[in-house]
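Listed below are the residues making up each chain.
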Amino acid sequence: MHFVNCLIIVLLLALSQLSLESPNDEGDNRARLLRFVSLIAGFYYDGKENPLLTKTVLPVQANAFYPSLTMYLEDNERPKPPFRQLLVLRERPDGYIAITPYFFPYDNNDTGIDVSIFQKLQRSDYWTYPKCELVITEIEDIYMFNWPFCGDIKTNFMAIAACDLKGYLTYKNLEPNITTIFPVLLYKTERLPLLPSMLEGVQHFEDPCA
């Protein structure tokens, strides 16, 4: 645990001094976003024999936002109902990766949804909170991001994702002194592939976890 906290402190210090440059080529921009999607996509659980927390991050094609890259997020934290969103990625002018989380209509049940719904929904079917955006910083395939629970300013998450972590670390209700709070490590049980359509026109993509 001490090592993990030290790692996070070092990364935060690096972020405070990091100057990002935006790639000039549109294909390179998309390849960069695809590296993040490829790394984060998968099934996760909390490591318990009878998991209380599971998470799915699945690449999907949402026609309402095409050609933007999109992912389906499902959180199951028992005994609460599943929490589901569509995540839409973009690269900001300052070089950071940004995600806008959108809500969409679905039946609230524990059996999952048919992701083909994203090919049918119209842009007017989605909604989000104003200025609700995840900001992600990349340092050599280590990604750090704040995950605001928009609509509830008291609940925020900071997360770190990297191949070597076998999952990702998340801090709930982040405080200024991160050495006084404890992370939750979610373990990735299976990676999920990119859609072939996501790779169209991209010549320089490399799997970050190969």
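Residues numbered from 1 in each chain as written. Predicted model: local features only at pLDDT ≥ 70, side-chain atom pairs only at ≥ 80, totals over all residues. Heavy atoms only, no water.

Novice: Mind laying out the pattern of salt bridges, listing which residues take part and the relevant values?
Specialist: Note on pairing: side chains with opposite charge can pair once their charged atoms come close. A complete count under the given rule lists 10 salt bridges for this structure. The structure contains a network of salt bridges with shared partners spanning Arg90, Arg92, Asp94 and Glu133. (Salt bridge = Lys/Arg side-chain N within 4 Å of Asp/Glu carboxyl O.)

Novice: Can you tell me about unusual backbone geometry, naming the residues and giving the values?
Specialist: Pro67 follows Tyr66 through a cis peptide bond whose omega is 10 degrees. Residue placement: Pro67 occurs in the loop between strand 2 (53–60) and strand 3 (70–77). Residue Lys131 is not a glycine yet carries a positive backbone phi of 55 degrees. Phi is positive for Glu140, close to 50 degrees, though the residue is something other than glycine. Examined against the element boundaries, Glu140 turns out to sit in the loop between strand 6 (134–139) and strand 7 (142–148). Glu140 gets classed as exposed once you look at its relative accessible area, which sits at 75%. (Helix = DSSP H or I, 4+ residues; strand = E, 2+ residues; numbered from the N terminus. Buried < 20%, exposed > 50% of the residue type's maximum accessible area, 1.4 Å probe, protein only.)

Novice: I'd love a proper account of the nonpolar core, names of residues and values included.
Specialist: Grouped together as the largest cluster of nonpolar side chains are 27 residues, with contacts concentrated most on Phe36, Ile40, Met71, Ile99 and Phe145. Among the elements of the structure, helix 2 (26–40), strand 2, strand 3, strand 4 (83–91), strand 5 (97–102), strand 6, strand 7 and strand 8 (156–162) are those that each provide at least two residues to this core. It is helix 2 that provides the largest number of residues to this core, a total of 7 residues. Listed in part, the 11 residues of the second largest apolar core include Phe65, Val88, Tyr102 and Phe104. (Core = buried A, V, L, I, M, F, W, Y, C linked by side-chain atoms within 4.5 Å.)

Novice: So what about the confidence of the model for the chain? Which residues, and what values?
Specialist: Taken over all residues, the pLDDT of the chain has a mean of 79, while the share at 70 or more is 71%. Note on residues 1–25: pLDDT under 50 across the span, and 41 contacts to partners over four residues away in sequence or across chains. (pLDDT = per-residue confidence, 0-100. Contact = heavy atoms within 4.5 Å.)

Novice: So, the packing of aromatic side chains: which residues are in play, and what are the values?
Specialist: By the definition in use, this model includes 14 aromatic pairs. Their ring planes at 55 degrees and their centres at 5.3 Å tell us that Phe104 and Tyr106 sit as a pair that is tilted. Residue classification places Phe104 among the buried residues on the basis of a relative accessible area of 2%. Relative accessible area serves as the criterion here: at 28%, Tyr106 is assigned to the partly exposed category. Here a set of aromatic residues connected by ring pairs shows up, and it is made of Phe65, Tyr72, Tyr102, Phe104, Tyr106, Phe118 and Tyr126. (Phe/Tyr/Trp six-rings, centres within 6.5 Å; stacked < 30°, edge-to-face > 60°.)

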